[in-house]
Each structure stands twice: as C-alpha cells, then as structure tokens.
Amino acid sequence: MFLSIFDIFKIGVGPSSSHTMGPMTAAARFLDDLRSGREKEPGAGTLAGLGASLHGSLAFTGKGHATDRAIVLGFAGFEPATLDPDRAAELEAEIHASGMVTPPDLPPLKFQPETDLIFDYDRTLPGHANGMILRAYDDAGNLYLEETYYSIGGGFVLTASELEGQGEGPDALHAEKEEAGFPHPFGSAQEMLAMGHGTGKTIAQMKWENEAALSPRAEVQTRLDGVWKAMDDCIDRGLRMEGELPGGLAVKRRAKNIYDQLKAEAGTNLAQPHVANDWLSVYAMAVNEENAAGGRVVTSPTNGAAGVVPAVLRYYRDHCIGATEEGRRTFLMTAAAIGGLIKHNASISGAEVGCQGEVGSASAMAAAGLCAALGGTNEQIENAAEIALEHHLGMTCDPVAGLVQVPCIERNGLGAIKAVSAASLALRGDGTHFMPLDNCIEAMRQTGLDMSTKYKETSQGGLAVNLPEC
C-alpha cells in the first residue's frame, strides 16, 4: 500500500475537506470532462449551462460547511490549492449577480446558484454519505453531461464508477503503485513493523524511500517544507485574528486572547505546571478558527481535524528540548504513514465514521510523529498511535448548525493534548503493548459502521440538537 504524504497533507481552504475542498475538486474534474470532449448525451446541442444537486451529509450540513460556495467557485474554474480565500466571498457574489460562470477554456455558462444548485435532503446516494450529481445542459435545457461524485474524506473525490469498480481513484491505485516498485508498500501496521525490522529502517526512512520512488528526494523535501510553512502560517494568522466567526452562532475567536495571556505569563511564576496543555490548545484552536473562517489550511488528515498535527508539531519545535528541522520532517513523514494506514483500512471521513475518524486519526498521526521526532523506536511509534486512537473511539461528529465551530475548535485542542500524552506514555515503555494498532483501526471502522447516521456529520444528533435556550 502506498499513499503519498501529499495526499494526506493537502493545502486548501476551509471549512471542510469533505464538504468544501471535495466538492470544489469534483466541480473542477467535471469541467475537465467538458473540456476533454467526453461524449455528451445523445441529441444534446451546444453546451450552455451547469447544475448540481447535493445529497446526504452534503445536503444536511452543506450550507454550514460552505459546500454551495465550493460548487459555485469550482464551476467558475477555481481549485482549493490556488483559491485566494480572502476573495472567495467577492467572487461568489459576482456569480450570484450575473447568473453566469466563465471557466477557462470553456464558453460562458449559465449557472444561477439559487435555482441550479439543489440541496436534496430526501435522497442519499448509494455509494457514500457525501454524494453529489453535477450536470451540464445544452442551449435548449436538455441534459448535455452528468456525473455522480463522492467526497470520501480528506479532500479525496471519486466518481460513482471509480467507487463501485475500485479500478481507479486514490485508494484503488495502491496495487498498481506496489507493482510500480515502491520499496516499502506496507498496508498494515504489522507489515510496517515487519518491514522496519527486516530492513533496519525507521518508519520515516521507509516513507522517505517510498516518496523518493515517485519524485526526487530534493523535490519531496521542498514540498514537505512547504506543507509545514502553510501549517505554521495558519497558526500565526489564527493567533493574530480577532472577531466573530461567520455562520450565525456568534462564536468569537479566542486564540489571540489566550495566546496574549500565555505570552504575558512566560518567564514569570504565574504559570501553572499544566500550561503546556494551554499552548497545545491555543495552537490547535488558532488553526481551526482559521478553518471555520474559510482560511487557508492543510488537511491533517481533514480540515475539521486540521489543528491537531500542526499544534503538536509547533509544540515540538518551540517547547521540546533538542528539536531540529530534520526532526520536523521525521514527524511529518511518520504522521503521514499512520494517516495512510487509517485511511486505507478504515476511514478519515466524519460522514462515514464520526469524529473518531477525523480528530481521532489526527491525534494518532500527531502522537506517532512526536514519538518519532523524539527518538522513539518503530514499536514505540506504533504504540503511541494506538494509544491516541483508542481513546477517541466512538467520538461522534455533531457540529452545531453544520458549522465546524462547536465542538470542533476545542476538540482539536483536546486531540493535540491526547497526542502528546500518548507519545509520552509510549516513550516511557519499550513498545510492547496489549492492543495492536491494526486492531484499534478495525475497531474504529466497526464502530463507525454501527454509529447512527444522526451522529455522522448530519447535525441531527448530539450537541447539534442540544442547544442552550436563547
């Protein structure tokens, strides 16, 4: 099994990898099909307009997660990695006003979001909870082209045929990539440990060699450093910003105020011994406040859990003795290896398995990364990931009003704290432990299957329906 670190860590925009980045990517893919001359419907005339319908979780929480904006901007030709989030609202308003989109290398197309973008609350598509149907029409209003897409978490998108046939798409490429000569194609933690034992290499070293089979090592390092810069910049911006988050809940940004307090206490006798938890929380909250505001974030492995890995990595850099640049790269490589295992064998999608698949996965990744950066053995790293994931099992995804604000922002802070605790516990042992990581990942998958849909990113249960009286 091989999943690139740049599939796990993707630079994009908030507030959701599955509900914002995925639909925008799907719209971009649909435009590519139109450009490529893919065979249109029989009898269709000249391409003239676009439409879309959102289903399942995309319908229930799409407005809170800016799925409508994602489709609008995606149809206009924008993509998550290059969209300027500061201009998103202005661009969307222009399209609403004109009722037209002008994607590159295609004619101007009619698209009025109020009527041409449908939130279908009554129909969940069969392949996945995050389903959408994108359509193009001719100048007489007849169907020109139609495709069904599923946003399966972490910004990954598959068509219905890719999902059903498993002959294409990111996950299905594993077997093909193994045959292409990736040196360490581990598909489970057990295989990962066995390959490490057989080669004498660390998890990070094996991950580096896998990535280097795809691109030159220097290029991988440059891109990896770019991922960290995007994470670090997101933290810094979140620590500077003030005000109220969008969406109607009147949730105020808190990261700057907490950060200012922590800076004022630094070097004095005012700080409590547990102040490290506050630093972890404020770094994570800064990222997730930026995500909630639609800012630029890195999927880690999702947007809803984007604060955990950057927070723990910033904690490593600024607070841990002996932190190095090489340690930072080891952290990210190791974290990506664990994230790939979880995605391959279970899920990182809140709509599939609840928040255990998002913040739980992120905490496991961060725990493994920190353990590796601090010199842990492969066995200790696997133990750290298992500890962190185990204590997120059963966590629901119940965002209030469909917004990634309550409880999502604080939840990332607690996920970061658990990650550091898990890494510390693992480093105090020799790597032997009762529950293997593979079994814990399987338990998470089974728990997600058993979990009621109302607790899986639909805002129909949990905190989302237990609100204070106003």
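None of these values were measured; they are calculated from a predicted model. (Residues numbered from 1 in each chain as written. Predicted model: local features only at pLDDT ≥ 70, side-chain atom pairs only at ≥ 80, totals over all residues. Heavy atoms only, no water.)

**Q** I tried to follow the overall build of the protein chain on my own but got confused; where do I start?
**A** Broken down by element type, the protein chain carries 20 helices and 9 strands. Radius of gyration (C-alpha) of the protein chain: 22 Å, near the 23 Å computed for a compact globule of 470 residues. Viewed in the frame of its principal axes, the protein chain has a C-alpha envelope of about 70 × 55 × 45 Å. Split into buried and exposed, the 470 residues of the protein chain put 57% on the buried side. (Helix = DSSP H or I, 4+ residues; strand = E, 2+ residues; numbered from the N terminus. Rg over C-alpha atoms; globule rule 2.2 N^0.38 Å. Buried < 20%, exposed > 50% of the residue type's maximum accessible area, 1.4 Å probe, protein only.)

**Q** Please clarify how the side chain of Glu147 should be interpreted in this entry.
**A** In this structure, Glu147 sits in strand E7 (residues 143-153). A polar contact is formed between the side chain of Glu147 and the side chain of Arg38, at a distance of 2.9 Å. Here Glu147 is in contact with Phe30, Arg38, Met132, Ile133, Leu134, Thr159 and Ala160, once residues within four sequence places are set aside. (Polar contact = N/O pair within 3.5 Å; in protein donor to acceptor, adjacent residues only side chain to side chain. Contact = heavy atoms within 4.5 Å.)

**Q** How should the nonpolar core be read in this particular structure?
**A** Soluble globular proteins: nonpolar side chains tend toward being buried together. Among the nonpolar cores identified, the biggest contains 94 residues, and Phe9, Val312, Phe331, Leu332 and Ile338 are the most heavily contacted of them. If one sorts the elements of this core by residue count, helix H17 (residues 359-373) sits on top with 11 residues. Not counting residues within four places of it along the chain, the set of residues in contact with Leu332 comprises Ile5, Phe9, Leu224, Trp228, Met231, Val309 and Leu313. Residues Leu50, Leu73, Phe111 and Tyr144 belong to the second largest nonpolar core, which totals 36 residues. (Core = buried A, V, L, I, M, F, W, Y, C linked by side-chain atoms within 4.5 Å.)

**Q** I tried to follow the pairing of strand E8 (residues 156-159) on my own but got confused; where do I start?
**A** Both faces of the sheet carry side chains from a regular strand, because those side chains alternate between them. Neither face of E8 is left uncovered, since the one carrying Phe156 and Leu158 and the one carrying Val157 and Thr159 both have all their residues buried. The antiparallel hairpin formed by E7 and E8 contains 2 residues in its connecting segment, where Gly154 sits at a positive phi of about 70 degrees. (Pairing = 2+ DSSP bridges.)

**Q** When you look at empty space enclosed by the protein in this model, what are you seeing that I'm missing?
**A** The gaps left among the atoms become clear once a water-sized probe is rolled over them. Following the criterion strictly, the structure yields 3 cavities of 30 Å³ or more and no others. Taken together, the elements giving at least two residues each to the lining of the largest cavity come down to helix H2 (17-35) and helix H19 (408-428). Across the lining of the largest cavity, the residue classes break down as 7 nonpolar, 6 polar and 4 charged. Looking at the second largest cavity, its volume works out to about 50 Å³. Residue lining of the second largest cavity: Met1, Phe2, Leu3, His184, Phe186, Lys207, Asn210, Ala336, Ala337 and Gly340, and that is the complete set. Contributions of two or more residues to the lining of the second largest cavity are made by helix H10 (203-212) and helix H15 (325-345). Looking at which element gives the most residues to the lining of the second largest cavity, the answer is H15, with 3 residues. Residues that form the lining of the second largest cavity fall into these classes: 6 nonpolar, 3 polar and 1 charged. (1 Å grid on protein atoms, 1.4 Å probe; cavity = no way out; pocket = protein on both sides within 12 Å on 5 of 7 lines; lining within 4 Å. Points joined across faces, edges and corners; volume = space filled by probe spheres on them. Nonpolar A, V, L, I, M, F, W, Y, C, P; charged D, E, K, R; others polar.)

**Q** What am I meant to see in H10 here?
**A** Residues lying three or four places apart along an α-helix face the same way, a consequence of the helix completing one turn every 3.6 residues. Across the 10 residues of H10, 7 count as buried, placing the element largely inside the fold. Every buried residue of H10 is listed here: Ile203, Ala204, Met206, Lys207, Trp208, Asn210 and Glu211. On its buried face, H10 sits against helix H1 (5-8), helix H9 (189-199), helix H11 (217-240), H15 and helix H18 (378-390).

**Q** Which parts of the structure should I look at to understand the packing of aromatic side chains?
**A** Geometry of an aromatic ring pair is reported as the spacing of the ring centres plus the angle between the planes. Throughout the structure, instances matching the rule amount to 7 aromatic pairs. Seen in terms of ring centroids, Phe2 and Phe182 are 4.2 Å apart; in terms of plane orientation they differ by 20 degrees. Their pairing is stacked. Taken together, the residues Phe2 in the segment before H1 and Phe182 in the loop between helix H8 (169-179) and H9 connect sequence positions 180 residues apart. With centroids separated by 6.5 Å and ring planes inclined at 50 degrees, the aromatic side chains of Phe30 and Phe75 adopt a geometry described as tilted. Here Phe30, found in helix H2, pairs with Phe75, found in helix H4 (residues 67-75); they are 45 residues apart in sequence, far enough to count as distant. (Phe/Tyr/Trp six-rings, centres within 6.5 Å; stacked < 30°, edge-to-face > 60°.)

**Q** Got a minute to help me understand the pattern of salt bridges in this structure?
**A** Across all of its chains, the model carries 27 salt bridges by this definition. Two residues, Asp32 and Arg35, come together in a salt bridge whose shortest N-O distance is 2.8 Å. Placement of the pair is Asp32 and Arg35 together in helix H2, with a separation of 3 residues, close to one helical turn. A residue is classified by how much of its surface remains accessible, and Asp32, at 44% relative accessible area, is partly exposed. Across the salt bridge formed by Arg135 and Glu146, the nearest N and O atoms sit 3.0 Å from each other. Of this pair, Arg135 sits in strand E6 (residues 130-138) while Glu146 sits in strand E7, and the two are 11 residues apart along the sequence. Note on Arg135: relative accessible area 17%, which makes it buried. Overall, Glu146 belongs to the partly exposed group, its relative accessible area being 34%. Three or more residues joined by partner-sharing salt bridges are found here, namely Asp225, Glu325, Glu326, Arg328 and Arg329. (Salt bridge = Lys/Arg side-chain N within 4 Å of Asp/Glu carboxyl O.)

**Q** Could you clarify how one ought to interpret the layout of surface pockets in this entry?
**A** The volume enclosed by the largest pocket comes to roughly 620 Å³. If you go around the largest pocket, you meet 35 residues; those closest to its centre are Pro85, Glu290, Ala293, Gly294 and Gly295. Elements that contribute at least two residues to the lining of the largest pocket include exactly H2, H4, helix H5 (88-98), H11 and helix H13 (275-292). Of the residues forming the lining of the largest pocket, the biggest block, 5 residues, is contributed by H11. For the lining of the largest pocket, the residue count by class is 17 nonpolar, 7 polar and 11 charged.

Note that every value here comes from positions in space, so none of it alone points to a role or purpose.
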